[in-house]
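Take a look at the letters that make up each chain.
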Amino acid sequence: MGWTEFILAMAAFLGSHMVPSRPGLRGALVARLGRAGYGAAYGLLSLVLLIWVIAAAGRAPFVPLWDQAIWMRWLANLAMPVALLLVALALGAANPLSFGGRASGFDPARPGVAGLVRHPLLWALLIWSGVHLVVNGDLAHVILFGLFAGFSALGMLAIDARNRRLWGAGAWAELSRGTSNLPFAGDWRGWRPEWWRIGLAIVVWAVLWHLHEPVIGVSPQP
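These figures come from a predicted structure and were not determined experimentally. (Residues numbered from 1 in each chain as written. Predicted model: local features only at pLDDT ≥ 70, side-chain atom pairs only at ≥ 80, totals over all residues. Heavy atoms only, no water.)

Undergrad: It is not clear to me how the overall build of the protein should be interpreted in this structure. Could you clarify?
TA: Within the protein one finds nine helices and zero strands. Ordered by position in the sequence, the α and β elements of the protein form the string α-α-α-α-α-α-α-α-α. For a compact globule of 222 residues, the expected C-alpha radius of gyration is about 17 Å, and the protein comes in at 18 Å, within 12% of that figure. In terms of principal-axis extent, the alpha carbons of the protein reach across some 50 × 40 × 30 Å. Within the protein, the proportion of its 222 residues that are buried is 38%. Nonlocal contacts in the protein, meaning residues at least 24 apart in sequence, comprise 71% of its contacts between residues at least 6 apart. In the structure as shown, the protein presents an accessible area of about 12,200 Å², 71% of it carried by carbon and sulfur atoms. (Helix = DSSP H or I, 4+ residues; strand = E, 2+ residues; numbered from the N terminus. Rg over C-alpha atoms; globule rule 2.2 N^0.38 Å. Buried < 20%, exposed > 50% of the residue type's maximum accessible area, 1.4 Å probe, protein only. Contact = heavy atoms within 4.5 Å. Areas by Shrake-Rupley, 256 points an atom, 1.4 Å probe, with all protein chains shown as cover.)

If you want it as structure tokens, here you go:
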């Protein structure tokens, strides 16, 4: 199939991730499926499309750009627990400033995980894609993970701009005053994360580490 499958998979994955950024479409789906049904359906669709696009990149024509070095694998092994921790800390937490969080219970004076970084899920995606771009030095994977990294970085700016437009500059500035797009630049020092979220991140990391070779076909070991 050459590059055809990879292009189709990338278009489907990126297109599906426009849904949360479009309130009208997202609202219609929530009204039809219910909030829980929408979350489950969207999560399953995202997972299936992610697996497809990664598999399609592996089947695309191999065009080497650089050789893999041992330090690249160590970088990925050190960075991935951080990315998974951000996901565990962010999902369902009070953070109306980004997707994956909830609006209720958010206090701008004590912003919680948003004080650590305003868009934790996008930063997790940026870390994941960035280290995998470094490790995989062929053209298809550089395109794949480079697009993910760019999508993550631009997504932070796009969500900020949308919220500022919807809420008004004054309301957005008040809600976001203790947060930042840069990690550790917000008001996070008094925040104490829930221990169960840390434990969940460790469990998910261990499961993904052991499933990486049988599912993806590549061992994550350095």
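Undergrad: Quick question: what am I supposed to make of the domain arrangement of the protein here?
TA: Size of an interface: often given as the accessible area lost when the parts come together. Split by domain assignment, the protein resolves into domain 1 (1–61) and domain 2 (63–216). The partner domain 2 presents 12 residues to the 15 residues of domain 1 that form the contact. When the two sides are added together, the surface that domain 1 and domain 2 hide from each other amounts to roughly 1,200 Å², 86% of it contributed by carbon and sulfur. Our count for the contact surface shared by domain 1 and domain 2 stands at zero salt bridges. Between the two partners, domain 1 and domain 2, sit one residue pair in polar contact (both at pLDDT 80 or more). Per element, the largest residue contribution to the side of domain 1 that touches domain 2 is five residues, and it comes from helix H3 (residues 35–59). For the side of domain 1 that touches domain 2, a count of residues per class yields 12 nonpolar, three polar and no charged. (Domains from an automatic or database assignment. Buried area = accessible area lost by both parts, 1.4 Å probe. Salt bridge = Lys/Arg side-chain N within 4 Å of Asp/Glu carboxyl O. Polar contact = N/O pair within 3.5 Å; in protein donor to acceptor, adjacent residues only side chain to side chain. Nonpolar A, V, L, I, M, F, W, Y, C, P; charged D, E, K, R; others polar.)

Undergrad: Looking at this structure, how should I read helix H6 (residues 120–135)?
TA: Residue pairs three or four apart in sequence face the same way in an α-helix, which turns once every 3.6 residues. Taking 1.5 Å of rise per residue, the 16 residues of H6 would be expected to cover 22 Å, and the 23 Å separating its terminal C-alpha atoms lies within 8% of that figure. Looking at H6, one finds that the buried residues are Pro120, Leu121, Leu122, Trp123, Ala124, Ile127, Trp128, Ser129, Val131, His132 and Val135. Elements in contact with the buried residues of H6: H3, helix H4 (70–90), helix H5 (113–116), helix H7 (139–167) and helix H9 (195–216). (Expected span 1.5 Å × (residues − 1).)

Undergrad: Is there a simple way to think about the packing of aromatic side chains in this case?
TA: To describe a pair of aromatic rings, one takes the distance between the centres and the angle between the planes. Applying the stated criterion across every chain, the model contains six aromatic pairs. Where Trp3 meets Phe6, the ring centres are 6.0 Å apart and the plane angle is 65°; that geometry is what we call edge-to-face. On the basis of relative accessibility, which here comes to 27%, the residue Trp3 falls in the partly exposed class. According to the relative accessible area criterion, Phe6 is buried, its value standing at 4%. An angle of 70° between the planes, with centres 5.0 Å apart, marks the rings of Phe13 and Phe148 as edge-to-face. Here the residue Phe13 occupies a position in helix H1 (residues 4–16), and Phe148 occupies one in helix H7, the gap between them amounting to 135 residues. Note on Phe13: relative accessible area 6%, which makes it buried. On the basis of relative accessibility, which here comes to 1%, the residue Phe148 falls in the buried class. Site record: aromatic cluster; members linked through ring pairs are Phe13, Trp128, Phe145 and Phe148. For the cation-ring pair, Arg164 lies above Trp172, with the distance from its terminal atom to the ring centre recorded as 4.2 Å. (Phe/Tyr/Trp six-rings, centres within 6.5 Å; stacked < 30°, edge-to-face > 60°. Lys NZ or Arg CZ within 6 Å of the ring centre and 35° of its normal.)

Undergrad: How do you make sense of the UniProt feature "transmembrane region" (unreviewed entry) in the protein when you look at a structure like this?
TA: On the UniProt side, "transmembrane region" (unreviewed entry) is annotated at positions that read residues 37–58, 70–94, 115–135 and 141–159 here. Counting secondary structure, residues 70–94 comes out at 84% helix and 0% strand; the distance between its end C-alpha atoms is 39 Å. Along residues 141–159 one finds 100% helix and 0% strand; the C-alpha atoms at either end are 26 Å apart. (UniProt positions renumbered as here; feature names shortened; annotations may be inferred.)

Undergrad: When you look at the nonpolar core in this model, what are you seeing that I'm missing?
TA: A general feature of soluble globular proteins is that nonpolar side chains tend to end up buried together. Grouped together as the largest cluster of nonpolar side chains are 34 residues, with contacts concentrated most on Phe6, Val53, Leu86, Leu144 and Phe148. Once you skip the residues sitting within four places of it in the chain, Leu144 turns out to touch Phe6, Met10, Val53, Ile54 and Ala57. (Core = buried A, V, L, I, M, F, W, Y, C linked by side-chain atoms within 4.5 Å.)

Undergrad: Just to check I follow, could you spell out the confidence of the model for the protein for this structure?
TA: Any residue range with low pLDDT should be treated as having predicted coordinates unsuitable for detailed reading. Confidence along the protein averages 90 in pLDDT terms, with 98% of residues attaining 70 or more. The secondary structure element of the protein with the lowest average pLDDT is helix H2 (residues 23–33), at 76, and the one with the highest is H6, at 96. (pLDDT = per-residue confidence, 0-100.)

Undergrad: Before we go on, may I ask you to explain a nonpolar patch on the surface in this structure?
TA: Among the surface-exposed residues, Val203, Val207, Leu211, Val215, Ile216 and Val218 lie close enough to one another that they form a single nonpolar patch of about 490 Å² accessible area. If you trace the backbone, Val207 turns up in helix H9. (Patch = residues over 30% accessible without salt bridge, like charges linked within 9 Å, V, L, I, M, F, W, Y side chains within 5 Å.)

Undergrad: How should I be thinking about H7 in this particular structure?
TA: With 29 residues, H7 extends 41 Å from end C-alpha to end C-alpha; this agrees with the ideal 42 Å at 1.5 Å per step. Approximately 25° is the largest bend angle found in H7, and it occurs at Gly155. In the segment just after H7, Gly168 is the residue with positive phi, at about 95°. (Bend = angle between axes of the 7 residues up to and from the residue.)

Undergrad: Would you mind showing me how to read the side chain of His132 here?
TA: Inspection of the secondary structure puts His132 in helix H6. Those residues in contact with His132 that lie beyond four places of it in its chain are Met80, Phe145 and His212.

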